[in-house]
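Architecture and fold: a report
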Amino acid sequence: MSNKMWGGRFASGPDAIMEAINVSIDVDRHLYAQDIAASKAHASMLAQQGIITDDDARKIAHGLDTILSEIDNGDFSFDRSLEDIHMNVESRLSALIGPAAGRLHTARSRNDQVATDFRLWMRDTIDSLDGALADYQTALAERALEHADTVMPGLTHLQTAQPVTFGHHLLAYVEMAARDRGRFADARKRLNESPLGAAALAGTSFPVDRDMTAKALGFDRPMANSLDAVSDRDFVMETLAAATIASVHLSRLAEEIVIWTSPLVGLVSLSEKFTTGSSIMPQKRNPDAAELVRAKAGRIAGALNAIIMVMKGLPLAYQKDMQEDKEGAMDALSALSLCLAAMTGMVRDITPDVARMKKAAGEGYATATDLADWLVRTLKMPFRDAHHVTGRIVSAASARNLPLHRLPLEDMRAVEPRITEEVFGVLSATNSVRSRTSYGGTAPRNVRTQAKRWLKRLGKDTP
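The following paragraphs examine the structure supplied in this document. Please read these numbers as outputs of a predicted model, since none were measured by experiment.

Moving on: the overall build of the protein. For the protein, the count of helices and strands is 18 helices and 6 strands. Since a compact globule built from 463 residues should have a radius of gyration of about 23 Å, the 31 Å found for the protein marks it as more spread out than a globular shape. For the protein, the C-alpha atoms occupy an extent of roughly 100 × 50 × 45 Å along the three principal directions. Of all 463 residues assigned to the protein, the portion counted as buried reaches 48%. Put simply, of all contacts in the protein between residues at least 6 apart along the chain, 75% involve residues at least 24 apart. Of the accessible surface of the protein, which amounts to about 22400 Å², a share of 52% is contributed by carbon and sulfur atoms. Side-chain charges of the protein comprise 55 positive and 58 negative groups, with the mean position of each set lying 7 Å from the other.

This part takes up the side chain of threonine 442. By the secondary structure assignment, threonine 442 is in the loop between α17 (429–435) and α18 (444–457). A residue is classified by how much of its surface remains accessible, and threonine 442, at 5% relative accessible area, is buried. One polar contact links the side chain of threonine 442 to the main-chain amide nitrogen of threonine 165, over a distance of 2.9 Å.

Moving on: the pairing of strand β2 (residues 159–165). Judged from the 6 bridges that link them, strand β1 (residues 151–156) and β2 form a sheet pairing that is antiparallel. Each residue of the ladder has a partner; that of leucine 155, found in β2, is threonine 160. Between β1 and β2, which follow one another and run antiparallel, lie 2 residues, and histidine 157 among them has a positive phi close to 60°.

Now for the nonpolar core. Counting 72 residues, the largest nonpolar core has Met122 and Tyr136 as its most contacted members. Looking at this core, the elements that each hand over two or more residues are α6 (110–146), α7 (166–191), α10 (234–261), α11 (288–311), α12 (327–349), α13 (354–361) and α18. Those residues in contact with methionine 122 that lie beyond four places of it in its chain are Leu191, Phe235, Val236, Thr239, Ala329 and Leu333. Formed by 23 residues, the second largest nonpolar core is a distinct cluster that contains Ile52, Ile67, Ile71 and Ala107.

Glancing now at the packing of aromatic side chains. Inspection of every chain in the model, using the stated rule, returns 4 aromatic pairs. One aromatic cluster in this structure is built from Phe118, Trp121 and Phe235. The ring of phenylalanine 219 has arginine 123 sitting right over it, with the charged end atom 5.1 Å from the ring centre. Over the aromatic face of phenylalanine 118 sits the side chain of lysine 326, whose NZ or CZ is 5.7 Å from the ring centroid.

A few words on the packing of α7 against α10. Two elements in contact, α7 and α10, have axes whose closest approach is 8 Å; the angle formed by their N-to-C orientations is 165°. Classed by the angle they form, the pair α7 and α10 counts as roughly antiparallel. The handedness of the crossing between α7 and α10 comes out as left-handed. When α7 is examined against α10, the residues Phe166, His169, Tyr173, Met176, Asp180, Arg183, Phe184, Asp186, Ala187, Arg190 and Leu191 are found in contact with a partner set consisting of Phe235, Glu238, Thr239, Ala242, Ala243, Ile245, Ala246, His249, Arg252, Leu253, Glu256 and Trp260. Classifying every residue of the contact of α7 with α10 gives 13 nonpolar, 3 polar and 7 charged.

A few words on a nonpolar patch on the surface. Residues Leu201, Leu227 and Leu316 make up a contiguous nonpolar surface patch of roughly 260 Å² in combined accessible area. The topology assignment puts leucine 201 in the loop between β3 (193–194) and α8 (210–216). For leucine 201, a relative accessible area of 38% translates into the label partly exposed.

A few words on the packing of helix α4 (residues 54–72) against helix α5 (residues 85–97). Axis separation between α4 and α5 bottoms out at 9 Å; the angle between their running directions is 120°. Helix-helix and strand crossings are classified by hand; for α4 and α5 the assignment is right-handed. Contact residues: Lys59, Ile60, Gly63, Leu64, Thr66, Ile67 and Glu70 in α4; Val89, Arg92, Leu93, Leu96 and Ile97 in α5. Per-class residue counts for the contact of α4 with α5 are 7 nonpolar, 2 polar and 3 charged.

In this fold, isoleucine 126 is placed in helix α6. Through-space distance from the C-alpha of isoleucine 126 to that of glutamate 327 is 16 Å; in sequence the pair is 201 residues apart. The contact partners of isoleucine 126, leaving out residues within four places of it in the chain, are Phe184, Ala187, Arg188, Leu191 and Thr239.

Moving on: helix α3 (residues 32–48). Because the α-helix completes a turn every 3.6 residues, residues three or four places apart line up on one side. Between its first and last C-alpha atoms α3 spans 24 Å; for 17 residues at 1.5 Å apiece the expected length is 24 Å, and the two agree. Listed in full, the buried residues belonging to α3 are Gln34, Asp35, Ile36, Ala38, Ser39, Ala41, His42, Ala43, Met45, Leu46 and Ala47. Against the buried residues of α3 lie α4, α5, α6 and α8. Looking one or two places after α3, you find glycine 50, whose phi comes out positive at around 75°.

As a further point, take the pattern of salt bridges. Two side chains with opposite charge may pair up if their charged atoms get near one another. Evaluation of the coordinates by the stated rule reveals 27 salt bridges. For aspartate 55, the salt bridge is made with lysine 59, and the minimal N-O distance between the two is 3.4 Å. Linking aspartate 55 with lysine 59, this pair stays in helix α4, spanning 4 residues, or about one helical turn. Lysine 59 gets classed as partly exposed once you look at its relative accessible area, which sits at 37%.

This brings us to the environment of aspartate 135. Residue placement: aspartate 135 occurs in helix α6. Placed 209 residues apart in sequence, aspartate 135 and threonine 344 show a C-alpha to C-alpha distance of 7.1 Å. If sequence neighbours within four positions are ignored, aspartate 135 has contacts with Thr344 and Arg348.

Moving on, we get to the environment of alanine 161. In this fold, alanine 161 is placed in strand β2. For alanine 161, a relative accessible area of 24% corresponds to the partly exposed category. Through-space distance from the C-alpha of alanine 161 to that of aspartate 370 is 11 Å; in sequence the pair is 209 residues apart. Setting aside anything within four residues of it in sequence, one finds alanine 161 in contact with Gly154, Leu155, Thr156 and Ala366.

The rules behind each value
- Residues numbered from 1 in each chain as written.
- Predicted model: local features only at pLDDT ≥ 70, side-chain atom pairs only at ≥ 80, totals over all residues.
- Heavy atoms only, no water.
- Helix = DSSP H or I, 4+ residues; strand = E, 2+ residues; numbered from the N terminus.
- Rg over C-alpha atoms; globule rule 2.2 N^0.38 Å.
- Buried < 20%, exposed > 50% of the residue type's maximum accessible area, 1.4 Å probe, protein only.
- Contact = heavy atoms within 4.5 Å.
- Areas by Shrake-Rupley, 256 points an atom, 1.4 Å probe, with all protein chains shown as cover.
- Lys, Arg positive; Asp, Glu negative; His and termini not counted.
- Charge placed at Lys NZ, Arg CZ, Asp CG, Glu CD.
- Polar contact = N/O pair within 3.5 Å; in protein donor to acceptor, adjacent residues only side chain to side chain.
- Pairing = 2+ DSSP bridges.
- Core = buried A, V, L, I, M, F, W, Y, C linked by side-chain atoms within 4.5 Å.
- Phe/Tyr/Trp six-rings, centres within 6.5 Å; stacked < 30°, edge-to-face > 60°.
- Lys NZ or Arg CZ within 6 Å of the ring centre and 35° of its normal.
- Axes fitted to C-alpha atoms, helices over the stretch in contact; angles between N-to-C directions.
- Parallel < 35°, antiparallel > 145°, perpendicular 65-115°, else oblique.
- Left-handed = near helix turned anticlockwise from the far one by under 90°.
- Nonpolar A, V, L, I, M, F, W, Y, C, P; charged D, E, K, R; others polar.
- Patch = residues over 30% accessible without salt bridge, like charges linked within 9 Å, V, L, I, M, F, W, Y side chains within 5 Å.
- Salt bridge = Lys/Arg side-chain N within 4 Å of Asp/Glu carboxyl O.
- Expected span 1.5 Å × (residues − 1).

This is how it looks when you write it as C-alpha cells:
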C-alpha cells in the first residue's frame, strides 16, 4: 500500500529498509509544539486571504489545539509509518475534523514547514540556554565577590606565574560566558526570519501573506528567497558553533576543577553532591561531574562537524540529507544545557582551601615580577636589566631553598647593592595581588567592583 499522505504517484509501499532509513518521527516529534503553532498561523492566514473558509480555519485550529493537548498529556500515538511529525499531526487532524484537515497543507510544503518548525525550536532553545548561561554567570560572580581577597597561584604553562585572587579567576569565566551569550544572541537574530510560504522551493501561486505568518510566529520578517528559505541550515551550524565554543569554556573550568580537587594539588574540594565513589577503593571521591562536562565538549563539537559535513556539498534546494540536521543538534544542545546546570551547581558547591591556596600562591617564586617591577620603579632600572637582576636573585634563593621573601637582604645586595629593606613590602603574595590595580587586574578592589557590576547587569542585588 502506498503512503496515503503522499503516495498518489506510487502503486505500492516502500521496502521495510526504505521505511526504516526514511522515517524521522523518533527525532522530529520533539518539534510538535512548533509544528502546531506554525500550522495554526498558516491556517489563519489562509482564511484571512480567502484561500480557505473561516469555518475550515476554525475547525483546523480547534483540531490542532486538541492534538497539542493530547501530545502534552501523553495521549497521542505516533505512527512511524507516517514518517514525520507533520504527517502524524495531519493524519490525526483528519481523524478529528474530516475533510477540512486536507486544506491545511494548501500553499505550503513539508520543506518550508520543517524549516519553520526547526527555526522556532532553535529559537526557543537559544532562549533557554541564554537563561542557563545567565544563571552560571550569577553563580560565578557571587563566588567571585565572596573570594575577592582569596589569594591563589596564577599559572601559565601550568607553571607558577604570578599570584591572583580566586575571585579574579572566576570572573574570567563570567567574561567567557558573556561572549557565549553574545554569539547565541547573534545566531538568534539571524535565524529569526520565516521560511513559511516558500513552499517546496519556488514559492506558491496562492495569494499568501507571508508577513502575516512571520509576525504571528514572532519572526522579524519572511525570508526573501524561496530557494534559500527551504535549503538554508546556517542557523543550525551557527548555533552549534556557539554551543561548541561555550562547551569548550565549560570544559576548561571542568579541567581546572579536576586538577584542583586532586589530593596532589588540593586547592578546592567538592561535596558529595558532585562527586562519586569507587567500587573498589573506599577512599576515593571522584570529580565525575566535572569530567563528564569535559567529555561532552567533544560530543557537542562532533555535532557541529556532522552538520557541516551534511551541508558541504548540497546543491539547491532541499535534499533529504537535511533530515540529518536535527538529531545531532538536539542531542548537543541538550548536552550543553545539562553541562551548564552541572557547572553552575559545582561553582556554588566548591569549597576553596584558602590557606593552601595562599601558600601555593607564594611558591615557585611567583612574586619575581613584583621584584623586577620594584627595581624599575624604585631604582629606575630599565626593565630588561631588572629582569636579569631578578633572575640572579631567584637563582640565589633557589640555591638556598628559600622563598624570595625569606632571602636575606645581604644576599640580594650581593647581586644589586642598592636594594633596600623596602623591597620586602612587595614580595608577599598578598601585597602582589593588591598592587595589580590596573583596569582588568587582580587587585581585590577591582574584583569586587567587577563582580558587583556583573551582578547588577544580571539583575541581582549586591551588598
